[in-house]
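# Structural features, examined
What follows is each chain in one-letter form.
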Amino acid sequence: MHRQTGNAITEPASNGSGARKRTKSAVVAPAMLAVMLLTGCIANGGGGSQATQSSPPMTVQDAPASNAPLETTQASTKIPVYWIGRSKEEVYLYREFRDISGDGNPVTTALRIMMAEKPLDHDFFTPWQEPGSLATSISGKNVITVDVSRDAFNSNLDAGMAQRAIQQLVYTASAAASSSGLINSGQQIQVVILVDGHKDYMAFGQVKLGEPMTRDASLVAPLWIIDPQEDVSLPPGLIKFNGRTTDNSRPISWQILQDNGKGEKSSLLTGQTKATGEPGQYGLFSFGATLKPGKYELRVTEVDDAGKAIESSTDTRLFTVA
């Protein structure tokens, strides 16, 4: 077993957009099963079908609205989209970069992807349904207004999951606007959600809309992998992995597992790295590994002061080297 470490790098838009077929390893299968049970038919996309969703038994954090760090401007044909995913008993928001084309409104485009398409990572899901109408606008005071039809809310959610779904929209709208250079990422961004042009709609029967909302930093995942994205194929040789964390002070433990061709995975490489970044901002981490052709899984986890992995702060990616 070898140990490799690396230094943090500037966060890029992900270059991956892989195939969709996936088989999870035994060590993560229970979490995947839990997500499948949680998401029901909604994980299979929109179409107006109704399903019931609930958050796991946990205390919903009623943290005050916070100005969570925004994405920086990207000169790219990719756009950030947030999804909901489970990490042990916690349910967080996770981000992917998705391909876009044309000159359409990037905020509207990102929200439509969030509501109508599936995430690349099969551990993630969206409780939203494809809306009949969706429009967005941005004021000169960094306020994003989203006007969506009520069919987008055609899901049964408990209060905790409804809270996360609304924050999923807030994060996606503000991320798309900031990364596209449409708003000043150095200022607080607010999002107002209207339903069929009106205020005071009860989203999913749980959250009253119409007033300005900001990002709730307590609901975003503690860390996630940026590259590679799920199911990408990479050339053999030195491969660079990178991700981001909300806590620069914690070490990041990483592990690469190799598939033996029978659906079984064994540990190939392990190591630790540190994230770097300004205090109060997201930290970025990276490391490299030289890999031969094969199927692999990457696992990253924050480490506590006692040196133990924090299982609720874990992310995984499946990828192929060919």
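Residues numbered from 1 in each chain as written. Predicted model: local features only at pLDDT ≥ 70, side-chain atom pairs only at ≥ 80, totals over all residues. Heavy atoms only, no water.

The protein is annotated in an unreviewed UniProt entry as GerMN domain-containing protein from Paenarthrobacter nicotinovorans.

### Looking at the pairing of strand E15 (residues 252-259)
Judged from the eight bridges that link them, E15 and strand E16 (residues 265-273) form a sheet pairing that is antiparallel. Bridge pairing links Trp254 to Gly271 in E16. The antiparallel pairing of E15 with E16 creates a hairpin that spans five residues between the two strands, and Gly261 there sits at a positive phi of about 90°. The sheet contact formed by E15 and strand E18 (residues 294-303) spans seven bridges and is antiparallel. The residue bridging Ile256 from the neighbouring strand is Leu298, located in E18. (Pairing = 2+ DSSP bridges. Helix = DSSP H or I, 4+ residues; strand = E, 2+ residues; numbered from the N terminus.)

### Section: unusual backbone geometry
Note that the residue after Asp227, namely Pro228, is joined by a cis bond; omega there is 5°. Looking at the element boundaries, Pro228 is found in the loop between strand E12 (223-227) and strand E13 (232-234). One non-glycine residue with positive phi stands out, namely Asn142, at about 60°. Within the element layout of this structure, Asn142 appears in the loop between strand E6 (134-138) and strand E7 (143-148). Assessed through its relative accessible area of 7%, Asn142 is described here as buried. The residue Asp196 is not glycine, and still its phi comes out positive at about 50°. Assessed through its relative accessible area of 35%, Asp196 is described here as partly exposed. (Buried < 20%, exposed > 50% of the residue type's maximum accessible area, 1.4 Å probe, protein only.)

### Some remarks on the sheet that holds E12
Strand order in the open sheet formed by three strands is E12-E14-E17, and the pairing between neighbours is antiparallel. Every interior strand has two partners, whereas the edge strands, E12 and strand E17 (283-291), have only one. In this sheet, adjacent strand axes meet at a mean angle of 30° when their direction is disregarded. (Axes fitted to C-alpha atoms, helices over the stretch in contact; angles between N-to-C directions.)

### With respect to helix H3 (residues 159-179)
Relative to the 30 Å expected for 21 residues at 1.5 Å per residue, H3 spans 30 Å between its end C-alpha atoms, a close match to the ideal helical length. Between the side-chain oxygen of the N-cap and the backbone nitrogen of Gly160 there are 3.3 Å, and the N-cap of H3 in question is Asp158. Just past H3, the residue Gly181 takes up positive phi, approximately 75°. (Expected span 1.5 Å × (residues − 1). Polar contact = N/O pair within 3.5 Å; in protein donor to acceptor, adjacent residues only side chain to side chain.)

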